[in-house]
Amino acid sequence: MNISFAGKKVLVTGAGQGIGRELVKALVKCGAEVTALSRTKSHLDTLAQEVPVKTVCVDLSDWAATHAAVEAIGPVDCLVNNAAVAILESFLNIKPESFDTSFNINVKSVINVSQVVVKNMIKRKTPGSIVNISSQASQAALADHTVYCGTKGALDMISKVMALELGPHNIRVNCVNPTVVMTAMGKIGWSQPEKAGPMLSKIPLGRFAEVDEVVHAILFLLSDKASMISGTTLPVDGGFLAG
Ligand code: NAP
C-alpha cells in the first residue's frame, strides 16, 4: 500500500522529540508540506536542518498564543495532535498544578488547535483528517498515572464527539493509542526494570512499541486509505488492551 500526502498541508504538534519528530520526517517522505509545532526552539531547529519543514515554536498551555500561532499557519488539510506531558504521582500525592498542566496540554490545547484548523477547513469546504495521539492509558488503569489516564480518557471521548460533529463536514477524527514507547516520555515511567517487567508481562507480543510502529498507524489513519474510518481508537499495544 502506497500512502501519499502529495499536495497536503499537515500540522504536527509536539514535533520536537519522540513520536512527533519521527512522524514529521515520515510525512515529508510521503510528500506532505509539514508544519512542525513544538515548545523547545532548539529541537525544532535541528529538525529543520534534517528535513524541509516550517516550524512554529509555541507553548500549547498558552491558549491565546497558541490560537494566534495556529491561525498564522493558514490552511491545514491534516492535523496530528501529538504533544503531551506525563506527570506521574500516586493518587494521594496529586498536586493541583499537575492536574492543570496536564489537562491544559493534553486535552485543552487539542480543542484549541483543532478549533482553529477545523474552522478554516469548513470555510474552505475542504475535507480533513485529524489524528489525536492518545494511549493505552485511556482504557487501562496504570499505577501513578491518575491524571495522565484521565487526560487520555478525556481525549478518546472528545475525539469521538469531534467525529460525530465534524463528519457532516467530511472531516474524520481518530485516535492512535500506543503502549509504552521508549521516547523521553516513555523513559519517565518505564525505564526501571521493576516497572518495565510487569508491564512487558501483560503485553502478549512481549515488547514495547517502536516509534515507527506508532508512526505507521498514524500515517494510515491520517491518509485517504482510511477514508471511511472515523471516531475510532486504534491500539498499537501488542495486544495489551485485549488482556
Ligand atoms: P516526548 O518524547 O516527550 O515528546 C513530546 C513532544 O511534545 C516534545 O517535542 C515536547 O516538546 C512537546 N510538548 C510537550 N509539551 C508541550 C507544550 N506545552 N507545548 C508545545 N509542545 C509541547 O513524548 P512521546 O513519547 O513522543 O509522546 C507523543 C505522544 O504519544 C503523546 O501524546 C503521548 O502521551 C503519547 N504516548 C506516548 C507513550 C510513550 O510511552 N512514549 C505511550 C502512549 C502514548 P519539547 O521538545 O519541548 O520537549
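Residues numbered from 1 in each chain as written. Predicted model: local features only at pLDDT ≥ 70, side-chain atom pairs only at ≥ 80, totals over all residues. Heavy atoms only, no water.

## Describing the site of the ligand
- The immediate surroundings of the ligand are formed by 31 residues, with Thr40, His43, Asn82, Tyr148 and Thr183 found nearest.
- Residue glutamine 17 places a side-chain N or O atom 2.8 Å away from an oxygen atom belonging to the ligand.
- Taking 900 Å² as the accessible area of the ligand by itself, protein coverage stands at 95%.
- In terms of residue count, the dominant contributor to the shell around the ligand is helix α6 (residues 184-190) (three residues).
- Here the residues of the shell around the ligand are counted per class, giving 14 nonpolar, 14 polar and three charged. (Near = heavy atom within 4 Å. Polar contact = N/O pair within 3.5 Å; in protein donor to acceptor, adjacent residues only side chain to side chain. Areas by Shrake-Rupley, 256 points an atom, 1.4 Å probe, with all protein chains shown as cover. Helix = DSSP H or I, 4+ residues; strand = E, 2+ residues; numbered from the N terminus. Nonpolar A, V, L, I, M, F, W, Y, C, P; charged D, E, K, R; others polar.)

## A word on the packing of helix α1 (residues 18-29) against helix α8 (residues 211-222)
- Where α1 contacts α8, the axes come no closer than 9 Å and their chain directions differ by 55 degrees. The angle between the axes of α1 and α8 places the two elements in the oblique class. Our pair here, α1 against α8, has a crossing hand that is right-handed. Residues Gly18, Ile19, Glu22, Leu23, Ala26 and Leu27 of α1 touch α8, and the partners they reach there are Val211, Val214, Val215, Ile218, Leu219 and Leu222. (Axes fitted to C-alpha atoms, helices over the stretch in contact; angles between N-to-C directions. Parallel < 35°, antiparallel > 145°, perpendicular 65-115°, else oblique. Left-handed = near helix turned anticlockwise from the far one by under 90°. Contact = heavy atoms within 4.5 Å.)

## Topic: the nonpolar core
- Of all hydrophobic cores here, the largest spans 36 residues; its most connected members are Phe5, Val12, Val24, Leu27, Val176, Ile218 and Leu219.
- Of all the secondary-structure elements, those providing two or more residues to this core are β1 (9-13), α1, β2 (33-38), α2 (41-50), β4 (78-81), β5 (128-133) and α8.
- For this core, the leading source of residues is α8, giving eight residues.
- Ignoring anything within four residues of it in the chain, the contact list for phenylalanine 5 reads Val10, Leu27, Cys30, Gly31, Ala32, Cys78, Leu219, Leu222 and Ser223. (Core = buried A, V, L, I, M, F, W, Y, C linked by side-chain atoms within 4.5 Å. Buried < 20%, exposed > 50% of the residue type's maximum accessible area, 1.4 Å probe, protein only.)

## Here's the deal with the pattern of salt bridges
- One pass over the structure, following the stated rule, counts eight salt bridges.
- Of the charged contacts, one joins glutamate 22 and lysine 25 as a salt bridge, the two residues approaching to 3.2 Å between their closest N and O atoms. With a gap of three residues between them, glutamate 22 and lysine 25 both fall in helix α1, about one helical turn apart.
- Glutamate 22 sits in the partly exposed class, given a relative accessible area of 29%.
- For lysine 95, the salt bridge goes to glutamate 89, with nearest N and O atoms at 2.8 Å.
- Look at lysine 95 and you get partly exposed, because its relative accessible area is 41%.
- When its relative accessible area of 11% is taken as the criterion, glutamate 89 is described as buried.
- Through salt bridges with shared partners, a single ionic network connects Arg21, Glu22, Lys25 and Glu50. (Salt bridge = Lys/Arg side-chain N within 4 Å of Asp/Glu carboxyl O.)

## Here we look at the sheet that holds β1
- A sheet is described by the order of its strands in space; here seven strands give the open sequence β3-β2-β1-β4-β5-β6-β7, paired in parallel fashion. This sheet does not close on itself; its edge strands, each paired only once, are β3 (54-57) and β7 (233-236). Ignoring which end each strand starts from, the neighbouring axes of this sheet average 15 degrees apart.
- Looking at chain direction, β5 and strand β6 (residues 171-178) are connected through six bridges and run parallel. The residue of β6 that forms the bridge with isoleucine 133 is valine 176.
- Together, β1, β2 and β4 form the strand contacts of α1, whose direction differs from that of β1 by roughly 170 degrees. (Pairing = 2+ DSSP bridges.)

## Description of the pairing of β1
- Across the five residues of β1, four count as buried, placing the element largely inside the fold.
- Of the strand pairs in this sheet, β1 and β2 are connected by five bridges, and their pairing is parallel. When the sheet's bridge partners are listed, threonine 13 is paired in β2 with leucine 37.
- Following the chain from β1 across α1 to the adjacent parallel β2, one finds a crossover that is right-handed.
- Sheet topology places β1 next to β4; three bridges connect them, and they run parallel. Across the sheet, the residue bridging to valine 10 is cysteine 78, located in β4. (Right-handed = clockwise from strand over helix to strand, strands pointing away.)

## Remarks on the environment of lysine 160
- Among the secondary structure elements, lysine 160 is positioned in helix α5 (residues 146-166).
- For lysine 160, a relative accessible area of 35% gives the class partly exposed.

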